[in-house]
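Structural characterization, general
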Amino acid sequence: REAKVIVDQDERQAKIIELTKIEADKLNAVTKISDDLLEEVTFIVEYPVAVTCDFDTAYLTIPQEVAVTVMETHQRYFALYEKNGKLINKFVTITNYIGNEFENIKAGNLRVIKARLDDAVFFFNEDTKKPLESYVENLKGMTFQKGMGSVYDKTQRLIKLSKNMAEKLGLSENEADIIRTAYLCKADLATNLVFEFTELQGYIGADYARISGENEKVVQGVKEHYFPLNADSELAEGIEGQIVGIADKLDN
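Structure report, in brief. The shown structure was predicted, so the numbers you read here are calculated from the model rather than taken from an experiment.

1. Re the side chain of Glu-175
Among the secondary structure elements, Glu-175 is positioned in helix H6 (residues 175-184). Relative accessible area serves as the criterion here: at 17%, Glu-175 is assigned to the buried category. Among residues more than four places away in sequence, those in contact with Glu-175 are Lys-163, Ala-166 and Glu-167.

Here you go:
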């Protein structure tokens, strides 16, 4: 302890949570720290010191999930949000630094995150020059599984399965949106942004669907058809995401 090493991992973790909350409170902001990220940061520091950094608000124009992924998954920063859940242009990084001069740390972190966010902005701008549905054709060049055709072939199966379920469940008023969701649900796999940030499949598709003028039920369905992502994940709320999600898992 005299050498500025906190050996007890539970104490380190509690300290990280405490320090991050103090930084967030200064800005009247909140954090949403995942257990996985918290555990990882706990084991890469010996003596946690929290530093708040910021980045240009221009980067808030890209989908929120992209900026958060850059911060949390790629850089292991803690993103900060307004009380209403909207991302702000600040984040907390946990460092081992002992001292009071944080300018170099802030500048270094900003330089790294700026490069990543610049890439994301470029890919976003390039991708959105054309509507989401235009990417469906590109799925013909992506293999789904050896002997099972392309992702485009899979999409055609999802359309048939979803249509079949919608008819059996008497969902005639939802059928058009369900089929549209099935048609678009894998399109974002052919975009630059998802190629760079594969963990955002579905989320990017939903954002691009909204930008392309698709109705909100289809937008929600594109995102939710991947749900549940794991045993603790949220479930699809819309019937479009539920039906296409079941079709996708049946096909898998």
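That shown, we press on.
2. Quick word on the pairing of strand S2 (residues 49-54)
In terms of residue burial, S2 counts as a mostly covered element, since five of its six residues are buried. Across six bridges, the pairing between S2 and strand S4 (residues 87-95) is antiparallel. Along S4, the bridge assignment pairs Thr-52 with Val-92.

3. Some points on the packing of aromatic side chains
All chains considered together, the criterion is met by seven aromatic pairs. For the pair Phe-55 and Tyr-59, a centre-to-centre distance of 6.4 Å together with 50 degrees between the ring planes defines the contact as tilted. Tyr-59 carries the same exposure label as Phe-55, and that label is buried. Seen in terms of ring centroids, Phe-124 and Tyr-208 are 5.9 Å apart; in terms of plane orientation they differ by 50 degrees. Their pairing is tilted.

4. Some thoughts on the sheet that holds S4
Across the sheet, which stays open at both edges, the four strands sit in the order S1-S3-S4-S2 with antiparallel pairing between neighbours. Edge positions in the open sheet fall to strand S1 (30-31) and S2, since each of these has one partner strand only. Strands strand S3 (78-81) and S4 of the sheet are contacted by helix H3 (residues 64-74), whose axis makes an angle of about 145 degrees with S3.

What counts, and where the lines are drawn
- Residues numbered from 1 in each chain as written.
- Predicted model: local features only at pLDDT ≥ 70, side-chain atom pairs only at ≥ 80, totals over all residues.
- Heavy atoms only, no water.
- Helix = DSSP H or I, 4+ residues; strand = E, 2+ residues; numbered from the N terminus.
- Buried < 20%, exposed > 50% of the residue type's maximum accessible area, 1.4 Å probe, protein only.
- Contact = heavy atoms within 4.5 Å.
- Pairing = 2+ DSSP bridges.
- Phe/Tyr/Trp six-rings, centres within 6.5 Å; stacked < 30°, edge-to-face > 60°.
- Axes fitted to C-alpha atoms, helices over the stretch in contact; angles between N-to-C directions.

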